Amino acid sequence: MNQKDIQNIVKKQKDFFLTNQTKAYSFRIAQLKKLKLAIENNEELLLKALYDDLKKSKFEAYGGEIGFVMAELDYTIKKLKKWMKDKKVSTPILHQPGTSYIINEPLGCVLIIGPWNYPFQLLFAPLIGAIAAGNTVILKSSELAPKSSAAMYKIISETFKEEYVTLIEGEIQEATYLLQENFDYIFFTGSTNVGKIVMEAAAKNLTPLTLELGGKSPCIVDKATNLKVTARRIVWGKFFNAGQTCIAPDYLIVQKDVKIDLIRLIKKEIENFYGENPQESKDYPRIINERHFDRLVSYFDDKKIAMGGVIDKNDKYIAPTIMDNVNWDDNVMQDEIFGPILPVLEYGNIKEAIDIINAHPKPLALYLFSNSKLVEERVLENTSSGGVCINDTLSHITTNYLPFGGVGNSGMGDYHGIYSFQTFSHRKSVMKKNISIDPPIRYAPYKLSVKNLKKMLKFIG
Ligand code: NAD
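Residues numbered from 1 in each chain as written. Predicted model: local features only at pLDDT ≥ 70, side-chain atom pairs only at ≥ 80, totals over all residues. Heavy atoms only, no water.

(A) The sheet that holds strand β1 (residues 87–89), seen in detail. Read across the sheet, 3 strands follow the order β1-β2-β18 without closing on themselves; strand pairing throughout is antiparallel. Here the strands that pair on one side only, and so sit at the sheet edges, are β1 and β18 (425–433). Neighbouring strand axes in the sheet, compared pairwise and without regard to direction, differ in orientation by 25 degrees on average. Of the pairings in the sheet, the one linking β1 to strand β2 (residues 98–106) comprises 3 bridges and is antiparallel in character. Bridge assignment links Val89 to a residue of β2, and that residue is Ser100. (Pairing = 2+ DSSP bridges. Helix = DSSP H or I, 4+ residues; strand = E, 2+ residues; numbered from the N terminus. Axes fitted to C-alpha atoms, helices over the stretch in contact; angles between N-to-C directions.)

Take a look at the structure:
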């Protein structure tokens, strides 16, 4: 798509927004229901596309993408009326008689840019919030998951008019054209590096934005835990989507005394999950493309591979791999891994683990396996991360009740449930005053001394 076409679409959406049609509750709810129906009608198409792009099993494709979006849709449809209500707040005595309230106002024309790893979930979950909040929406899918992108294009173009919601397929060029437009909000999910480009572009128009980025999410394993269940939950969270999950545990940091046992149990669980040869498992996905395949293989260090390390480039297959005795100078620790490689580091006491985490950029997720309340408190109080999940992996983002987002290098802003609605709304403050009473005290020439002003403000403030 060329720049002129993109400019035209943005213009059409801005004009449509000004007709006010997107604002009524009846309109928003009807669009959410239409979207739900369209997804239901295209479920098979989506499942096939996700398999073609990433060899996602139907279970992972439904559980991690379609089912996730449907749950978000159902919840939003149920709650929208309540969320849209103006919120009455108190009015100080100083402004009596008067009333104050907050209106959740749509922002206008918003841009949502998505990545390839959960191509459907990460574009459509924010879309639900943007529609619920009464905006027009331009979606930009990732070029690296082309089948999913085509399926989403079909759903969007068959369901919505271009001036309301449209999906632009394309590469970096199209994204660059889009970022030159003056949007009312930008919601970006992707890498930290591209996040910086997006923020720079947004700054030119002072466009507010959400950045859902990535990074290295640590997983601390304290010796006071059920190691067997811990191993199973780590294997699930790490190798779901072959590790190509922004909140996957990037590396383990394990208390010395239990490291050998934990690695043994993790190996066993990998076999339980995917069999002796995971390449033959129908449940084990593939790496998205050759570039990422080569990047991941470059992290291997034969001396440190404790399990896996098997690859097949033609199949973009990398076996679930554990690397032991890893330190921060190793290649695998330089960047977010975003693949099925699990480095294991060790610590003595919890302070060491906390210090290691604090010496690196704030992660998107932090995992802790421990039965100790004290350890839990110390980790929560002394570290900062987008979210924390204690005694499990990934689960903290699969609820409508918790906001999902990063902090520092892992992003800014959040969404899911009401937080999506709030992200795509402007909280407009309204104060309405009575005009029949007008005490002259605040008007010049001022008669009140500062001393009396202080007294008065203390009383009525
Ligand atoms: P990416 O940053 O390469 O691409 C994301 C999107 O940005 C794509 O649509 C792409 O077309 C576009 N893009 C790429 N280069 C661009 C440029 N120069 N200018 C403008 N747009 C550009 O990310 P990715 O490889 O698709 O996804 C992987 C990254 O995303 C990982 O770092 C991962 O942690 C992160 N991620 C974060 C979340 C989250 O919710 N926080 C979720 C999934 C992935």
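Now, onward.
(B) The arrangement of the site of the ligand in detail. As a structural note, the neighbourhood of the ligand is formed by 27 residues, with Gly114, Glu143, Ser191, Leu213 and Glu336 the closest of them. Between the ligand and Gly114 there is a distance of 2.7 Å, counted from an oxygen atom to a backbone nitrogen or oxygen. Taking Glu336, its side chain carries an N or O atom lying 2.5 Å from an oxygen atom of the ligand. Burial of the ligand by the surrounding chains reaches 91%, relative to a free accessible area of 840 Å². For the shell around the ligand, the secondary-structure elements that each account for two or more residues are α7 (172–179), β6 (185–189) and α8 (192–204). It is α7 that contributes the most residues to the shell around the ligand, 3 residues altogether. For the shell around the ligand, a count of residues per class yields 15 nonpolar, 8 polar and 4 charged. (Near = heavy atom within 4 Å. Polar contact = N/O pair within 3.5 Å; in protein donor to acceptor, adjacent residues only side chain to side chain. Areas by Shrake-Rupley, 256 points an atom, 1.4 Å probe, with all protein chains shown as cover. Nonpolar A, V, L, I, M, F, W, Y, C, P; charged D, E, K, R; others polar.)

(C) Highlighting the domain arrangement of the chain. You can read the domains of the chain as domain 1 (3–213 + 412–426) and domain 2 (218–405). Carbon and sulfur atoms make up 56% of the area that domain 1 and domain 2 hide from each other, which totals about 2200 Å². Considering only the surface of domain 1 that becomes buried against domain 2, Glu60, Trp116 and Tyr118 emerge as the three largest contributors, covering 24% of it. Across the contact surface, domain 1 and domain 2 share 0 salt bridges. Here domain 1 is connected to domain 2 by 8 residue pairs in polar contact (both at pLDDT 80 or more). With 6 residues, helix α4 (residues 58–84) is the largest single contributor of residues to the side of domain 1 that touches domain 2. Among the residues making up the side of domain 1 that touches domain 2, the classes are represented as 11 nonpolar, 6 polar and 7 charged. (Domains from an automatic or database assignment. Buried area = accessible area lost by both parts, 1.4 Å probe. Salt bridge = Lys/Arg side-chain N within 4 Å of Asp/Glu carboxyl O.)

(D) Main features of the pattern of salt bridges. Scanning all chains against the criterion turns up 23 salt bridges. A salt bridge links Glu158 to Lys154, with the shortest nitrogen-to-oxygen separation between them at 3.3 Å. Separated by 4 residues within a single helix, Glu158 and Lys154 lie in helix α6 (residues 146–159), roughly one turn from each other. In this structure, the salt-bridge partner of Asp315 is Arg286, at a minimum N-O distance of 3.0 Å. Within this pair, whereas Asp315 is found in the loop between β11 (311–312) and β12 (317–318), its partner Arg286 is found in the loop between α10 (256–274) and α11 (290–297), the two being separated by 29 residues in sequence. Taken individually, Asp315 and Arg286 each receive the classification buried, so the pair is uniform in this respect. Sharing partners across several salt bridges, the network here consists of Lys228, Arg232 and Glu269. (Buried < 20%, exposed > 50% of the residue type's maximum accessible area, 1.4 Å probe, protein only.)

(E) Broad picture of the packing of helix α9 (residues 227–239) against α10. Running from amino to carboxyl end, α9 crosses α10 at an angle of 55 degrees, the nearest separation of the two axes being 8 Å. When the axis of α9 is compared with that of α10, the two are oblique. You can see that α9 and α10 cross each other, and the crossing is right-handed. The residues of α10 that touch α9, namely those facing Leu227, Lys228, Thr230, Ala231, Arg232, Ile234, Val235, Trp236 and Phe239, are Val258, Asp261, Leu262, Leu265, Ile266, Glu269, Ile270, Phe273 and Tyr274. When grouped by side-chain class, the residues that make up the contact of α9 with α10 number 13 nonpolar, 1 polar and 4 charged. (Parallel < 35°, antiparallel > 145°, perpendicular 65-115°, else oblique. Left-handed = near helix turned anticlockwise from the far one by under 90°. Contact = heavy atoms within 4.5 Å.)

(F) Broad picture of the nonpolar core. Ile39, Phe124, Ile220 and Ile266 are the most contacted members of the largest nonpolar core, which has 116 residues in total. In terms of residue count, α4 provides more of this core than any other element does, 11 residues in total. Shared between two domains, this core holds at least three residues of each, these being domain 1 (3–213 + 412–426) and domain 2 (218–405). Among residues more than four places away in sequence, those in contact with Ile220 are Ile253, Tyr347, Ile350, Ala353, Ile357, Leu366, Tyr367, Leu368, Phe369 and Val379. With 20 residues, the next largest nonpolar core counts Cys109, Phe183, Phe188 and Leu213 among its residues. (Core = buried A, V, L, I, M, F, W, Y, C linked by side-chain atoms within 4.5 Å.)

(G) Layout of the sheet that holds strand β7 (residues 209–212). Read across the sheet, 6 strands follow the order β5-β4-β3-β6-β7-β17 without closing on themselves; strand pairing throughout is mixed. Two strands lie at the open edges of the sheet, namely β5 (165–168) and β17 (411–412), each paired on one side alone. Pairing geometry for strand β3 (residues 109–113) and strand β4 (residues 136–140), over 5 bridges, is parallel. By the bridge assignment for β4, Cys109 is matched with Thr136. Along the sheet, helix α5 (residues 121–132) contacts β3, β4, β5 and β6; its crossing angle with β3, the most-contacted strand, is approximately 165 degrees. Where α8 meets the sheet, its contacts fall on β6, β7 and β17, and the angle it forms with β7 comes to roughly 175 degrees.

(H) Representation of α5 in the model. With 12 residues, α5 extends 16 Å from end C-alpha to end C-alpha; this agrees with the ideal 16 Å at 1.5 Å per step. Buried residues of α5: Gln121, Leu122, Leu123, Phe124, Ala125, Pro126, Leu127, Ile128, Gly129, Ala130, Ile131 and Ala132, and no others. In the stretch just after α5, Gly134 is the one whose phi turns positive, near 90 degrees. (Expected span 1.5 Å × (residues − 1).)

(I) View of the packing of helix α3 (residues 43–54) against α4. Two elements in contact, α3 and α4, have axes whose closest approach is 10 Å; the angle formed by their N-to-C orientations is 110 degrees. By the angle between their directions, the pair α3 and α4 is classed as roughly perpendicular. Crossing geometry of α3 relative to α4 is assigned as right-handed. Across from Glu43, Glu44, Leu46, Leu47 and Leu50 in α3, the residues of α4 making contact are Lys58, Ala61, Tyr62, Glu65 and Ile66. Within the contact of α3 with α4, the residues separate by chemical class into 6 nonpolar, no polar and 4 charged.

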